[in-house]
Amino acid sequence: MLAGCLLDLDLPQTDKRLLTIAETDGCLLDGISAATGCQVGRRTLRIEDYGKVAATFVHIHQEQAVRIWPSRACRELAQHYAGGAPSQWEAQLIGYQRLPAELLLCWSPVSLVTPLAALIGQAGSRARCARCHEEILNQREVVQPDAVLCRACAGQAYYTRLTADDPRPPEPEVAACPELVALWEGFGLASRSGQD
Ligand SMILES: [Zn+2]
């Protein structure tokens, strides 16, 4: 909500003018999602996992960004503002609702290291990796001088394959797979056979 004030945006948004980059996963994301309307499924919420309760809010049209994080004293201040709450948990629950934003939170304008256009990518863009043959969405392919690769095949994988199928052979075309053709015909989709 503070980000909405700082960036002059009505929140929760019903469009895609705000992009939020959260710095941890967990319940913080649910709160951010409810307050801002940013959602992973709408490509307006993403995670850079630094293990921090912090987030950067980006006005996509104006390319302004502000990073917001909790003040160091917010837990103690919450106790004070909660007025005799029976537990620390309830003190934080109540106190955080009553604390003025300037005591609860800190904020600073920031500039994104990765250009916004590259961060978002081109929705609807599709490529195919020359090595694993899997489809790559939203311009996340790595264009090398001799091939277009997915990030995993370009050496940026977060996993290691446990099978010796690298590089994998291309999967057969749908039209060459009798089981799939029969299945599609059953759904009245035979005319799509062979299409990607
Ligand atoms: Zn690949």
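### A short note on the pattern of salt bridges
A side chain of one charge can pair with a side chain of the opposite charge when the charged atoms of the two come close. Taken as a whole and judged by the stated rule, the model has three salt bridges. Measuring nitrogen to oxygen at the nearest pair gives 3.0 Å for the salt bridge that ties Glu 135 to Arg 126.

### Some words on the sheet that holds strand β1 (residues 18-22)
The strand order β2-β1-β3-β4-β5 describes an open sheet built from five strands, whose pairing is mixed. Of all the strands in the sheet, the pair left with one neighbour each is β2 (45-47) and β5 (105-110). Averaged over all pairs of adjacent strands, the angle between strand axes in this sheet comes to 20°, irrespective of strand direction. The pairing of strand β4 (residues 64-70) with β5 spans six bridges and is classified as antiparallel. Paired with Arg 67 across the two strands is Ser 108, which belongs to β5. Contacts between helix α2 (residues 27-36) and the sheet are confined to β1, β2 and β3 (55-59), with β1 contributing the most and set at about 170° to the helix.

### A look at α2
Taken as a whole, α2 has its buried residues at Leu 29, Ile 32 and Thr 36. Projected down its long axis, α2 carries its buried residues within an arc of 65°, all on one side. Away from the buried face of α2 by more than 90 degrees, exposed residues Cys 27, Asp 30 and Ala 34 are located. Residue Gly 37 follows α2 closely and has a positive phi angle near 85°.

### Re the packing of aromatic side chains
Following the criterion strictly, the structure yields one aromatic pair and no others. For the pair Tyr 158 and Tyr 159, a centre-to-centre distance of 5.0 Å together with 85° between the ring planes defines the contact as edge-to-face. For Tyr 159, a relative accessible area of 36% gives the class partly exposed.

### A few points about the packing of helix α3 (residues 74-82) against helix α4 (residues 88-98)
Across the interface, α3 lies against α4 with an axial gap of 7 Å and an inter-helix angle of 85°. When the interaxial angle is binned, α3 and α4 end up roughly perpendicular. Contact residues: Cys 74, Arg 75, Ala 78, Gln 79, Tyr 81 and Ala 82 in α3; Gln 88, Ala 91, Gln 92, Ile 94, Gly 95, Tyr 96 and Arg 98 in α4. Along the lines of polarity and charge, the residues of the contact of α3 with α4 split into seven nonpolar, four polar and two charged.

### Things to note about the coordination of the zinc ion
Around the zinc ion, the protein contributes the donor atoms Cys 129 (SG), Cys 132 (SG), Cys 150 (SG) and Cys 153 (SG), at 2.3 to 2.4 Å from the metal centre. Donor residues binding the zinc ion come from one chain and are separated in sequence as C-x2-C-x17-C-x2-C. Of the two residues, Cys 132 is situated in the loop between β6 (126-128) and β7 (135-137) and Cys 150 in the loop between β9 (148-149) and α7 (152-156); the sequence distance between them amounts to 18 residues. With a relative accessible area of 3%, Cys 132 lands in the buried category. Taking the relative accessible area as the measure of exposure, Cys 150 reaches 12% and is therefore buried.

### Some points on a nonpolar patch on the surface
Taken together, the side chains of Leu 180, Leu 183 and Phe 187 define a hydrophobic patch exposed on the protein surface, amounting to about 310 Å² of accessible area. Positionally, Phe 187 belongs in the segment after α8 (178-186).

### Brief notes about the pairing of β3
Burial analysis of β3 places five of its five residues in the buried class, the great majority of the element. Going residue by residue along β3, you find Ala 55, Phe 57 and His 59 tucked away on one face and Thr 56 and Val 58 tucked away on the opposite face as well. Looking at chain direction, β1 and β3 are connected through five bridges and run antiparallel. By the bridge assignment, Leu 19 is partnered in β3 with Val 58.

What counts and how
- Residues numbered from 1 in each chain as written.
- Predicted model: local features only at pLDDT ≥ 70, side-chain atom pairs only at ≥ 80, totals over all residues.
- Heavy atoms only, no water.
- Salt bridge = Lys/Arg side-chain N within 4 Å of Asp/Glu carboxyl O.
- Pairing = 2+ DSSP bridges.
- Helix = DSSP H or I, 4+ residues; strand = E, 2+ residues; numbered from the N terminus.
- Axes fitted to C-alpha atoms, helices over the stretch in contact; angles between N-to-C directions.
- Contact = heavy atoms within 4.5 Å.
- Buried < 20%, exposed > 50% of the residue type's maximum accessible area, 1.4 Å probe, protein only.
- Arc of directions from axis to C-beta.
- Phe/Tyr/Trp six-rings, centres within 6.5 Å; stacked < 30°, edge-to-face > 60°.
- Parallel < 35°, antiparallel > 145°, perpendicular 65-115°, else oblique.
- Nonpolar A, V, L, I, M, F, W, Y, C, P; charged D, E, K, R; others polar.
- Donors = N, O, S within 2.8 Å, 3.2 Å for Na, K, Ca; no water.
- Patch = residues over 30% accessible without salt bridge, like charges linked within 9 Å, V, L, I, M, F, W, Y side chains within 5 Å.
- Areas by Shrake-Rupley, 256 points an atom, 1.4 Å probe, with all protein chains shown as cover.

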